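Residue strings, one per chain:
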Amino acid sequence: MITGGGRGLGKAIALLLAAEGVNIGITGRNEKALKETAAEIEKAGVKAAYAVFSVDEEAGVKTGIDELAKTLGGIDILVNNAGIGNFGALDKMPATEWEQVIRTNLFGVYYTAMAAYPYLKASGAGDVVNVASTAGLKGSANMSAYAASKAAVISLSQSMMAEWRKQEIRVITLTPSTIASDMSIQGGLTDGNPEKVLQPEDFAEWVRDILKMNRRAMIANGSIFSTNP
């Protein structure tokens, strides 16, 4: 299961895992993008399914995750990738926007993980990849809501890891630096230059390689940066 799987990082991860023979469920709010991505995934010869919901709505998350798990026969891997990035000065950003970033980026991870947890536990060997950000390691100007949300995701993810590892569920906290996604380019964080800036495919390869590690080992926390942006 990959949240925000219709485009960007989520889509790149979905396609790469599909190439490894993994059946894929993707979620998001744009049904057209999800449908098109699911069709691409199926070209790899695996099953693909999608569910349309917003990760900040608990009831919709649970319904969507249950439907995908039923269609695909369970959940072995959850990638919590969905998120938003509203940027602006503290005294300029409306409280409603600030709160929405927290609801999407933090509660979205919580709601999705809790909906998937029974299936991950039943699998006997589950994996959860929570996508945070280097912004969550160090706040900066004009990124208060985003940085705070990602810092909270890091702490939540570490608590999940501490609680669930004894149930053979590996919880992995990833903190990428700026990647050439729609969010970072539209937000003015990068020009997305493929010669210098991390691309979604780079992140997807990292996720794949971590998941392929022997199950006696796990990457609890990890960061990835562009070499010389």
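Residues numbered from 1 in each chain as written. Predicted model: local features only at pLDDT ≥ 70, side-chain atom pairs only at ≥ 80, totals over all residues. Heavy atoms only, no water.

Caption draft 1: The overall build of the chain, seen in detail. When helices and strands are counted, the chain shows seven helices and seven strands. If you list the helices and strands of the chain from N to C, you get β-α-β-α-β-α-β-α-β-α-β-α-α-β. In terms of overall size, the chain behaves like a compact globule, its C-alpha atoms giving a radius of gyration of 17 Å where 229 residues would be expected to give roughly 17 Å. For the chain, the residues scored as buried account for 49% of the 229 residues in total. Of the roughly 11100 Å² of accessible surface on the chain, a fraction of 50% belongs to carbon and sulfur atoms. Treating the 22 positive side-chain charges of the chain as one cloud and the 24 negative ones as another, the clouds have centres 4 Å apart. (Helix = DSSP H or I, 4+ residues; strand = E, 2+ residues; numbered from the N terminus. Rg over C-alpha atoms; globule rule 2.2 N^0.38 Å. Buried < 20%, exposed > 50% of the residue type's maximum accessible area, 1.4 Å probe, protein only. Areas by Shrake-Rupley, 256 points an atom, 1.4 Å probe, with all protein chains shown as cover. Lys, Arg positive; Asp, Glu negative; His and termini not counted. Charge placed at Lys NZ, Arg CZ, Asp CG, Glu CD.)

Caption draft 2: Structural detail: a nonpolar patch on the surface. A cluster of nonpolar side chains, namely Phe107, Tyr110 and Met114, defines an oily patch on the protein surface of about 250 Å² accessible area. Along the chain, Tyr110 falls in helix α4 (residues 95-123). Residue Tyr110 is classed as partly exposed on the basis of its relative accessible area of 36%. (Patch = residues over 30% accessible without salt bridge, like charges linked within 9 Å, V, L, I, M, F, W, Y side chains within 5 Å. Salt bridge = Lys/Arg side-chain N within 4 Å of Asp/Glu carboxyl O.)

Caption draft 3: Broad picture of the pairing of strand β5 (residues 127-131). Within β5, five of the five residues are buried, leaving the element largely enclosed by the surrounding structure. Covered by surrounding structure in β5 are Asp127, Val129 and Val131 together with Val128 and Asn130, the residues of both alternating faces. The sheet contact formed by strand β4 (residues 77-80) and β5 spans four bridges and is parallel. Residue Ile77 lies in a different strand from β5, and its bridge partner there is Asp127. The pairing of β5 with strand β6 (residues 170-176) spans five bridges and is parallel. Residue pairing across strands places Val128 opposite Val171, the latter belonging to β6. Handedness of the crossover joining β5 and β6 through helix α5 (residues 144-164): right-handed. (Pairing = 2+ DSSP bridges. Right-handed = clockwise from strand over helix to strand, strands pointing away.)

Caption draft 4: How the structure looks around helix α1 (residues 8-19). Here α1 spans 17 Å end to end across 12 residues, near enough to the 16 Å set by a 1.5 Å rise per residue. Buried within α1 we find Leu9, Gly10, Ala12, Ile13, Ala14, Leu17 and Ala18. Buried positions along α1 lie against β1 (2-3), β2 (24-28), α2 (31-42), β4 and α7 (200-211). At the C-terminal side of α1, Gly21 shows a positive phi close to 95 degrees. (Expected span 1.5 Å × (residues − 1). Contact = heavy atoms within 4.5 Å.)

Caption draft 5: Summary view of the packing of aromatic side chains. For the structure shown, the criterion picks out five aromatic pairs. Pairing Phe87 with Tyr146 gives two aromatic rings, centres 5.6 Å apart and planes at 75 degrees, and the pair type is edge-to-face. Taken together, the residues Phe87 in the loop between β4 and α4 and Tyr146 in helix α5 connect sequence positions 59 residues apart. We classify Phe87 as partly exposed; its relative accessible area is 25%. Here the guanidinium or amino end of Arg103 rests over the ring plane of Phe107, the centre of that ring lying 5.2 Å away. (Phe/Tyr/Trp six-rings, centres within 6.5 Å; stacked < 30°, edge-to-face > 60°. Lys NZ or Arg CZ within 6 Å of the ring centre and 35° of its normal.)

Caption draft 6: Fine view of the environment of Pro200. Mapped onto the secondary structure, Pro200 falls in helix α7. In this structure Pro200 touches Gly8, Leu9, Ala12, Ile179 and Ala180, once residues within four positions along its chain are discounted.

Caption draft 7: Spotlight on the pattern of salt bridges. In the structure shown here, the tally under the stated rule is seven salt bridges. The partner of Glu40 in a salt bridge is Lys11, with the nearest N and O atoms 2.8 Å apart. Residue Glu40 is located in helix α2, and its partner Lys11 is located in helix α1; the two are separated by 29 residues in the primary sequence. For Glu40, a relative accessible area of 32% gives the class partly exposed.

Caption draft 8: Here's a closer look at the packing of helix α3 (residues 58-72) against α4. Taken N-terminus to C-terminus, the directions of α3 and α4 make an angle of 35 degrees; their axes are 9 Å apart at the nearest point. At the point where α3 passes α4, the crossing takes the right-handed sense. Residues Glu58, Val61, Lys62, Ile65, Asp66 and Ala69 of α3 touch α4, and the partners they reach there are Tyr111, Thr112, Ala115, Ala116 and Tyr119. Considering only residue class, the contact of α3 with α4 consists of seven nonpolar, one polar and three charged. (Axes fitted to C-alpha atoms, helices over the stretch in contact; angles between N-to-C directions. Left-handed = near helix turned anticlockwise from the far one by under 90°. Nonpolar A, V, L, I, M, F, W, Y, C, P; charged D, E, K, R; others polar.)

Caption draft 9: Structural detail: the environment of Tyr146. On the basis of relative accessible area, Tyr146 is assigned to the buried category, the value being 9%. Once residues within four sequence positions are removed from consideration, Tyr146 is found in contact with Ile84, Gly85, Phe87, Val101, Asn105, Ser133, Ala135 and Met183.

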